[in-house]
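Okay, here's what each chain looks like letter by letter:
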Amino acid sequence: MNDIETLKAIKGGEFLIKETSAEHVFIPEEWDEEQLMIAETCDNFLAQHVKPNLTRIDNQEPGLMPHLMDEAGALGLLGISVPELYGGFGKDFKTSMLVAERLGAGNSFSVAFSAHSGIGTLPILYYGNEAQKQKYIPKLASGEWKGAYCLTEPSSGSDANSGKARARLSDDGKYYLITGQKMWITNAGFADVFTVFAKIDNDDNLSAFIVEKDFEGLTLNSEEHKMGIKGSSTRQVFFNDCKVPVENLLSDRQNGFKIAVNILNIGRMKLGGGTVGACKEVITLAVRYANEREQFGRAISKYGAIRHKLAQQAILTYASEAAVYRASQNMEEATEMLVASGMDESKAKLKGIEQFAIEAAIIKVHCSETLDYVVDEGVQIYGGMGYSAEAPMDRAYRDSRINRIFEGTNEINRMLTVDMMLKRALKGELDLMGPAQKVAGELMSIPDFSLTNEESLFSTEKKYLANFKKAILMVAGGAVQKLMAQLGKEQEVLMNLADMLIELYVSESLQLRVEKLVGLRGEESCKEQLDIMRVYINEAAEKIAKSGREALNYFAEGDEKRMMLMGLKRYTKTDDFNSIQARRNIAAKLITENKYCF
Amino acid sequence: MKILVCISQVPDTSTKVVLKDNGSAINSQGTTYIINPYDEWYALVRAIELKESGIANEIHLVTVGKADTEPVIRKALALGGDQAVRIDAESNDPYLTAVYIADFAKGVGYDLILCGKESIDYNNGIVGAMVAELLDMDYIGFAADIQIEKSVAVVNREIEGGEETDTCNLPLVISCQKGVAEARIPNMRGIMAARTRPLNVIAPSPISPVTEILSYELPPAKAGVKLISPENMDELVALLHSEAKVI
């Protein structure tokens with residue numbers, strides 16, 4: 001792809017049409033001393049305060065979760081990215097992601113933590129006026145007050161803007177009176193401040209309000225009984241002419257949906273980080289168990305079937321992590337550029353996040369599904385003990401499942417991925433047409449059989465990645481042409497396209513991570529990481545081929561279909577690769593280190 | 001009151017110790033290092049408590065080590081040290097370490113010097129006593145509780161089969177163990193402040209070690225455990241006699 005540019009400040013979604021240079025990505029192997037110290041504080045906090053109390057937490061022992069939040073607040077963990085002006089520590093997005101990752105190993109606690117510091121705090125921080133920020137943010141950053149977010153309603157989940165909650169101005173004009181019912185509200189049981197979404201009168205769009213728990217007319221239902229994250233408080237919140245002072249309207253009237261969407265973008269990215277942390281913890285438990293458990297006279301970690309699982313867990317986790325921090329860095333850079341151009345910091349942060357909403361959706365889907373794989377195989381590695389509530393896999397397995405549902409279901413996020421990509425193309429923000437036409441032209445010409453132009457450590461994978469992009473542009477271009485306005489309703493095709501995009505983004509992030517790492521540490525000390533990259537990208541080629549084939553077989557016909565299927569084959573072709581040996585190498589490292597070690 | 005806390009860097013307890021080919025040294029590659037727990041959890045945290053309660057007003061940290069020990073020192077600063085000194089030398093010899101520390105501490109006039117009862121890597125457990133001797137200060141080892149009233153320390157320590165309470169005037173060197181304080185986690189404020197707290201590097205005194213480590217070897221792999229059913233007492237007795245050779 002000669003037309004591919006190498007840019008530092010790559011824009012959101014541009015990964016499909018441009019190349020990123022490894023030196024411009026951030027990789028977790030670059031954490032500085034202070035960030036590592038913060039990470040260690042998170043680990044120590046979990047080890048001392050959370051892990052010994054997991055059962056008590058899941059039993060929702062009264063006062064325990066808010067107490068743990070207080071402890072986390074005393075350590076400063078609730079205000080990592082809150083500006084110092086409002087009592088926080090003003091750390092960058094990556095550092096707050098690192099905290100989300102490390103605390104992500106804390107089961108229900110991590111849900112309470114992320115709800116509080118994300119959706120509980122950020123709407124006010126990013127959209128609040130000065131008085132609102134002064135009033136609420138320092139208390140939220142210290143943990144003195146706990147935050148929650150009320151968007152979902154019994155009849156409005158994925159379709160968030162369809163909520164029935166209404167607000168009307170009181171006769172004296174001093175209050176909004178909110179009436180409605182909100183559901184699945186995390187932290188509701190102990191929250192002091194709720195960001196509540198409701199439509200004012202007959203508005204088309206939601207507005208957002210800051211509601212304190214003591215405002216008249218707010219009541220809580222009892223705790224929901226859930227499959228997992230049992231220790232996290234989840235309740236319905238009822239508003240019955242709940243009196244909210246007019247100055248507690250957050251941002252402008254009808255700006256609520258935008259707030260909800262943008263805050264969810266951050267939530268999705270953070271969820272990615274949190275699940276990576278949970279993955280690492282589960283892998284460590286699985287490796288330790290596999291090293292201890294003996295069958296037929298040997299530790300089960302000596303068996304290939306188990307090694308395969310351990311390696312695969314690590315491969316997916318390492319790849320997910322690469323994507324999370326690459327996108328985090330991109331978002332930060334986009335924000336910095338906007339601040340440099342004179343934009344207010346809160347606004348710049350939101351714009352930066354919005355810019356990478358596609359990546360956020362991709363990360364949400366991939367990381368939550370990775371954790372589900374990791375816990376599932378974790379249970380399997382534990383065998384019978386995996387099914388016992390006495391062993392940790394039971395909790396990990398149940399707690400993982402929600403991640404594919406909240407912060408937008410994975411189906412919604414898949415559709416969003418494609419939808420946002422195409423919308424940006426239509427708006428002219430993202431030039432998909434040019435590259436797509438180029439690929440179409442290439443299909444007619446004689447194939448380039450030289451798999452690699454230059455021989456370097458990463459030339460094969462780089463060629464694969466360039467081809468993946470062509471495959472996606474071809475299938476997506478074909479789908480748009482054939483299905484046109486209908487495409488939005490062909491959800492199976494959207495899922496296929498999303499899966500292809502996800503595999504591309506994660507593969508490329510992983511390749512860039514390993515390339516940068518080799519540059520830092522040398523090839524010799526990155527053997528397992530190179531294996532991880534190769535196994536992942538080889539599998540991605542197959543997944544992209546499968547999704548592409550499915551879509552093409554649906555919407556294409558005749559000669560054109562044949563041509564595109566052949567193109568797809570060409571663009572997802574890989575050299576022979578011994579993935580069994582590569583996985584064995586990866587597993588061997590895990591087994592020797594007796595923990596997740598990449 | 002000025003307190004000096006001696007900090008030592010040790011391999012993380014979960015690190016798998018790997019030796020260099022001929023057992024000449026521990027392979028530091030891939031090893032994670034931590035503050036010696038006895039120095040951190042007990043000595044340093046007790047010093048911080050004394051400062052918080054207004055008894056002490058300054059906490060200095062000292063470590064003997066090369067530049068790679070700085071992350072560990074900064075963590076100690078993040079926990080609550082006011083300033084730190086790194087004596088730029090590598091030392092596995094307790095006497096050498098003690099002389100370096102004593103030479104540094106000599107002119108400063110510390111009222112209290114706290115250290116862990118031992119470092120968990122070499123476990124010599126004698127640096128504190130040597131420092132006291134070199135500085136001509138009193139020494140109490142293996143403290144489990146330290147209270148300071150004016151210029152007198154009341155120290156509770158474990159002894160064979162019981163406890164003893166010592167009262168001693170300051171200045172004093174105390175080695176600390178479990179009970180002296182509770183482990184703390186560095187908070188964000190401390191972590192961010194650690195960057196700005198002074199960490200001075202000084203050259204070691206020109207002396208030679210009195211001991212030398214000739215070689216390292218790993219302990220033999222643990223033999224497996226044999227489980228004998230409670231009904232098979234005869235077998236157990238036979239095994240204790242023939243295999244374990246303890247009866």
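Placed above this text is the structure.
These numbers were taken from a predicted model, which means no experiment stands behind them.

Peer 1: What's the story with the overall build of chain B in this structure? I'm lost.
Peer 2: Helices and strands together make up the secondary structure of chain B, namely 6 helices and 11 strands. Considered along the principal axes of its C-alpha atoms, chain B spans approximately 65 × 45 × 40 Å. Out of the 247 residues in chain B, the part that is buried amounts to 43%. Put simply, chain B shows about 13200 Å² of open surface, and 50% of that area lies on carbon and sulfur atoms. Across chain B, the 21 positively charged side chains and the 34 negatively charged ones have centroids separated by 8 Å.

Peer 1: Could you clarify how one ought to interpret the packing of helix α3 (residues 64-74) of chain A against helix α5 (residues 108-119) of chain A in this entry?
Peer 2: Each pair of packed helices can be summarised by the angle the axes make with each other and by the distance between the axes. Residue and element names in this part refer to chain A. Look at α3 against α5: their axes get within 11 Å of each other, and the N-to-C directions meet at 65 degrees. Judged by the twist between their axes, the crossing of α3 over α5 is right-handed. Where α3 abuts α5, its residues M65, L68, M69 and A72 lie against S108, F109, A112, F113 and H116. Class assignment for the residues of the contact of α3 with α5 results in 7 nonpolar, 2 polar and no charged.

Peer 1: Teacher, can you tell me more about the interface of chain A and chain B here?
Peer 2: Many structure descriptions define interface size as the accessible area lost when the parts assemble. Between chain A and chain B, the contact holds 19 residues from the first and 15 residues from the second. Roughly 1600 Å² is buried in total at the junction of chain A and chain B, and carbon and sulfur atoms are behind 61% of that figure. On the chain A side of the interface with chain B, the three residues burying the most area are E33, M37 and F89 of chain A, jointly 35% of the side's total. At the boundary of chain A and chain B, one finds 3 salt bridges. For K75 of chain B, the salt bridge identified is with E40 of chain A, shortest N-O distance 2.9 Å. For the side of chain A that touches chain B, the element with the highest residue contribution is helix α1 (residues 33-50) of chain A, accounting for 10 residues.

Peer 1: I'm lost on the sheet that holds strand β5 (residues 83-87) of chain B in this one. Help?
Peer 2: The strands making up a sheet associate through hydrogen bonds between their backbones, and the pairing can be parallel or antiparallel. Residue and element names in this part refer to chain B. One open sheet holds the 9 strands; their spatial order is β9-β8-β7-β10-β6-β1-β4-β5-β11, and the pairing between them is mixed. In the strand order of this sheet, the two ends are held by β9 (162-169) and β11 (199-202), each with one partner. Averaged over all pairs of adjacent strands, the angle between their axes in this sheet comes to 35 degrees, without regard to strand direction. Across 6 bridges, strand β7 (residues 138-149) lies against strand β8 (residues 152-159) in antiparallel orientation. Counted as the bridge partner of I148 is A153 from β8.

Peer 1: Would you take a moment to explain the packing of helix α15 (residues 459-483) of chain A against helix α16 (residues 491-521) of chain A for this structure?
Peer 2: All names here are of chain A. Contact geometry for α15 and α16: axes closest at 10 Å, N-to-C directions at 160 degrees. By the angle between their axes, α15 is roughly antiparallel relative to α16. The handedness of the crossing between α15 and α16 is left-handed. Of the residues in α16, those in contact with E461, K462, L465, F468, K469, A471, I472, V475, A476, A479 and L483 of α15 are V493, L497, M500, L501, L504, S507, E508, Q511 and E515. Considered class by class, the residues forming the contact of α15 with α16 number 13 nonpolar, 2 polar and 5 charged.

Peer 1: What should I look at first to understand a nonpolar patch on the surface in this one?
Peer 2: Residue and element names in this part refer to chain B. Together, M233, L236, V237, L240, V246 and I247 line one region of the surface with nonpolar side chains, adding up to about 500 Å² of accessible area. Here L236 is to be found in helix α6 (residues 233-242). Since its relative accessible area comes to 30%, L236 is described here as partly exposed.

Peer 1: Before we go on, may I ask you to explain the environment of S207 of chain A in this structure?
Peer 2: Residues and elements named next belong to chain A. Considering the arrangement of structural elements, one finds S207 in strand β5 (residues 207-212). C-alpha of S207 to C-alpha of P66: the two residues are 141 residues apart in sequence and 29 Å apart in space. Contact partners of S207, with chain neighbours within four places excluded, come to V196, F197, A198, K199, I200, L249, R253, Q254 and G256. From its side chain, S207 meets the backbone nitrogen of Q254 in a polar contact 2.8 Å long.

Peer 1: Just to check I follow, could you spell out the pairing of strand β2 (residues 166-169) of chain A for this structure?
Peer 2: Strand residues, when the strand is regular, have side chains that alternate between the two faces of the sheet. Residues and elements named next belong to chain A. In this structure, β2 lies alongside strand β3 (residues 175-186), joined through 4 bridges in antiparallel fashion. By the bridge assignment for β3, R166 is matched with T179. Turn length for the β2-β3 hairpin, with the two strands adjacent in sequence and antiparallel, is 5 residues, and the turn residue G173 shows positive phi of about 75 degrees. Here β2 runs beside strand β4 (residues 193-200); their pairing, made up of 2 bridges, is parallel. Counted as the bridge partner of R166 is K199 from β4.

Peer 1: Explain the pattern of salt bridges here, please?
Peer 2: Two side chains bearing opposite charge may form a pair once their charged atoms approach each other closely. Residues and elements named next belong to chain A. Summed over all chains, the structure comprises 57 salt bridges over all chains. The salt bridge partner of E345 is K349, with a shortest N-O separation of 3.5 Å. Here the residue E345 and the residue K349 both occupy positions in helix α10 (residues 345-355), the gap between them amounting to 4 residues, near one helical turn. You can call K349 buried: its relative accessible area is 18%. Of the charged contacts, one joins K423 and D419 as a salt bridge, the two residues approaching to 3.0 Å between their closest N and O atoms. Residue K423 and its partner D419 are both found in helix α13 (residues 410-426); the two are separated by 4 residues, about one turn of the helix.

Peer 1: How should the environment of V514 of chain A be read in this particular structure?
Peer 2: Its place among the elements puts V514 of chain A in helix α16. As for V514 of chain A and F458 of chain A, which are separated by 56 residues in sequence, their C-alpha atoms are 9.2 Å apart.

Conventions used here
- Residues numbered from 1 in each chain as written.
- Chains lettered and ligands numbered in written order.
- Predicted model: local features only at pLDDT ≥ 70, side-chain atom pairs only at ≥ 80, totals over all residues.
- Heavy atoms only, no water.
- Helix = DSSP H or I, 4+ residues; strand = E, 2+ residues; numbered from the N terminus.
- Buried < 20%, exposed > 50% of the residue type's maximum accessible area, 1.4 Å probe, protein only.
- Areas by Shrake-Rupley, 256 points an atom, 1.4 Å probe, with all protein chains shown as cover.
- Lys, Arg positive; Asp, Glu negative; His and termini not counted.
- Charge placed at Lys NZ, Arg CZ, Asp CG, Glu CD.
- Axes fitted to C-alpha atoms, helices over the stretch in contact; angles between N-to-C directions.
- Left-handed = near helix turned anticlockwise from the far one by under 90°.
- Contact = heavy atoms within 4.5 Å.
- Nonpolar A, V, L, I, M, F, W, Y, C, P; charged D, E, K, R; others polar.
- Buried area = accessible area lost by both parts, 1.4 Å probe.
- Salt bridge = Lys/Arg side-chain N within 4 Å of Asp/Glu carboxyl O.
- Pairing = 2+ DSSP bridges.
- Parallel < 35°, antiparallel > 145°, perpendicular 65-115°, else oblique.
- Patch = residues over 30% accessible without salt bridge, like charges linked within 9 Å, V, L, I, M, F, W, Y side chains within 5 Å.
- Polar contact = N/O pair within 3.5 Å; in protein donor to acceptor, adjacent residues only side chain to side chain.

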